[in-house]
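Examination of the molecular architecture
Spelled out from the first residue to the last, the chains are:
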Amino acid sequence: MKISTKGRLATTTALATIGLIAGMIWWANQEVEDASSRRRQTTELARGLTELRLVTFEYMLHRHERPREQERQVSSRLARLIEATPFTGAAQGEVVAHLREQSAAAHRVFEELVAAPVADGVNEANDESIRRFEAQLSSRLLILQQESLADAFRLTDFSTERIDAAQRRVAIVTLAGLVLIALTTSGAAWLIHRKVLAPIAKLEQATREVAAGNWNYKLAIASNDEIGEMSRNFDAMTHSLRMSFAQIERSNQELAALNQEIEAFSYSVSHDLRGPLRSMDGFSQALLEDYGDKLDEEAKDSLQRIRAASQRMGRLIDELLGLSRVTRAELTLKPVNLSEVAREIAESLAQQQPTRAVQWKIEEGLTVHADKALIQIAMQNLLENAWKFTSKTDQPVIRVGALERDGKKECFVADNGVGFDMAYADRLFGAFQRLHHESEFPGTGIGLAIVQRIFRRHAGRIWVQAKPGLGATFFFQLKEQGHE
Amino acid sequence: MSDVSKVILLVEDSPDDVALTLRAFKRSHVMNTIAVARDGIEALDFLFARGTHADRAGVPLPTLIILDLKLPKLDGLGVLKAIRADDRTRFLPVVILTSSKEEQDLISGYSLGANSYVRKPVDFVEFTEAVRVLGIYWLMMNQSPPENSP
């Protein structure tokens, strides 16, 4: 059974019990009220009977007309009262019937007494018999009246008993109801403890286990209620978590294996591919040195071309390795003074080619949250590009700065160099993509691929705006500090 | 140019690189005898007069070892480890001359006690210059430890 059903059952039981008690109290109230009104009636009856006795006495003493008339009135009132007396149960009915009979009998005896001749003191013997008859009637009348009074008191006792019984019944029902409520309440409390609190404690323990990484923890509460349902869902959840975790583990292992392969590949590239190049360059040079005098210009030119090609391929291999190193490098993020990095690169470029007059405009206080080594490589590539592509500009200016767009900080490297057509912009960041002939601007075409990879590793991005003849501006954005 | 009795041991498996290195030495006027070992095991046999080099017992050790890293049988780092582990050779100058500029190789080389780490340039002119500087430094400028030092 569901906990909610059990709860509803307990509530219903408690409410029904309370209703029963309330009904019982209402019933007892009615009963007591009814019994009280009857007791009032019987009391009235008793009072009437007493009054009847008094007027009877008075008549017997004085033989006046007034008490006689009073007796008649009281008698008829009593008869009405007796007729109006409601009764329930046979015993009461018997008493009422007896009372009715006695009263009627008493009235008849009184009428006889009224009709009886009165002693006149003329005939002694006659007077004597009259007096005896009178005394006989009087005592019968007294007995009858006494018995009627006793009946009235019995009727009063009946009402009192009814009141007592009603009160007793109310007490019993109330007590039983209270016991029932107590039982229901303790049952509910036990239910809550056994079926709700204990499983919740188990669940709490389970969440702690799972949070600590124990994916194999099983809750396994087999009950058929909501908690059982939750337990099954929880176990299903940990099961799927376990599966995903295993999946991630497997993927991680595959990644690690792949990484190792790349590592081995890079090593081979670095080592094995360069060997033959060295031989090509070296032996071409040997030919030139040893047999230069026997070779014509064309042969020497061919040998020089072999050497140049070997060396270019050597550089390509080195740059490819650089690209792969950028991918594999571990990031150490901290604030980097970009202005300082740019200034150092600018100085070294100016030192390498002191004949060039480039105007540098590097904004002060530029800071990014990044891996310093990688950002240095990126800036080196960007500034070298700017330096290279302004080599044919009259008054070359290279600017490094920052601006805010849509509430986000963007840094930029801008030059007024040769620029390019934006139609080729999407090819710009691919490896070995060049937008100019190598004879015009030397390079391997891998620098911007490295730059883009560096910003991707920082979860940032780089994009470019350019116009042929007017220069290019590279914008880059790194994730805000603290959100990496 | 230098004391030609000093022997250089070149540990190098590529015949091309051997030829180029020898040529570079020659062009730099380094006239010393250059012994060549073609793998790691042969290099150790040469140094410790074992196996095919058993006849070298009693012959003085080379003055300089030029060591490639990628070698058959036992690689350059293994050779370096063995050299540094033996009392007879632990002070021998060892220069790593290799194609690799992987950071890991540099760190391993130096932490195992290499005296120098030189990368072979593709450009033969640069290569010759590197070999020349090596020769000058290690054969002429550098003071070797005493022969029978502990």
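Here, the structure is the one placed above.
This section reports on the structure supplied with the text. Computed from a prediction, not measured in an experiment: that's the story for all the values here. (Residues numbered from 1 in each chain as written. Chains lettered and ligands numbered in written order. Predicted model: local features only at pLDDT ≥ 70, side-chain atom pairs only at ≥ 80, totals over all residues.)

Quick look at the packing of helix α6 (residues 297-328) of chain A against helix α9 (residues 447-457) of chain A
Residue and element names in this part refer to chain A.
- It is at 9 Å that the axes of α6 and α9 come closest, and there the two elements cross at 5°. By the angle class used here, α6 and α9 are roughly parallel. In this structure, α6 uses Gly322, Leu323, Val326 and Thr327 to contact α9, whose residues at the interface are Ala449, Ile450, Arg453, Ile454 and Arg457.
- Across the contact of α6 with α9, the residue classes tally to five nonpolar, two polar and two charged. (Axes fitted to C-alpha atoms, helices over the stretch in contact; angles between N-to-C directions. Helix = DSSP H or I, 4+ residues; strand = E, 2+ residues; numbered from the N terminus. Parallel < 35°, antiparallel > 145°, perpendicular 65-115°, else oblique. Contact = placed C-beta atoms within 7 Å. Nonpolar A, V, L, I, M, F, W, Y, C, P; charged D, E, K, R; others polar.)

Digging into the interface of chain A and chain B
- At the junction of the two partners, chain A supplies 15 residues and chain B supplies 16 residues.
- Those elements that provide at least two residues to the side of chain A that touches chain B are α5 (226-291) and α6 of chain A.
- In terms of residue count, α5 of chain A provides more of the side of chain A that touches chain B than any other element does, 12 residues in total.
- Of the residues in the side of chain A that touches chain B, the class split is three nonpolar, nine polar and three charged.

Focus on helix α1 (residues 15-27) of chain B
- When the terminal C-alpha atoms of α1 of chain B are compared, their 18 Å separation across 13 residues agrees well with the 18 Å that a helix rising 1.5 Å per residue should span.
- When we look at burial in α1 of chain B, the residues that qualify are Asp17, Leu20, Thr21, Arg23, Ala24 and Phe25 of chain B.
- Residues of α1 of chain B that are buried sit in contact with α5 of chain A together with β1 (7-11), β2 (33-37) and α5 (124-141) of chain B.
- His29 of chain B, located one to two residues past α1 of chain B, shows a positive phi value of around 60°. (Expected span 1.5 Å × (residues − 1). Buried ≥ 20, exposed ≤ 12 C-beta atoms within 10 Å, placed from the backbone.)

A look at helix α2 (residues 40-48) of chain B
Residues and elements named next belong to chain B.
- Within α2 the residues assigned to the buried category are Gly40, Glu42, Ala43, Leu44, Phe46 and Leu47.
- Considering only its buried residues, α2 is in contact with β1, β2 and α3 (76-85).
- Just downstream of α2 lies Ala49, where phi reads positive at about 50°.

A look at the pairing of β2 of chain B
All names here are of chain B.
- With five bridges connecting them, β1 and β2 associate as parallel partners. Following the sheet pairing, Val11 is matched in β2 by Ala37.
- Once you follow β1 into α1 and on to β2, the crossover reads as right-handed. (Pairing = 2+ DSSP bridges. Right-handed = clockwise from strand over helix to strand, strands pointing away.)

Function cannot be read off these values alone, since they describe shape.
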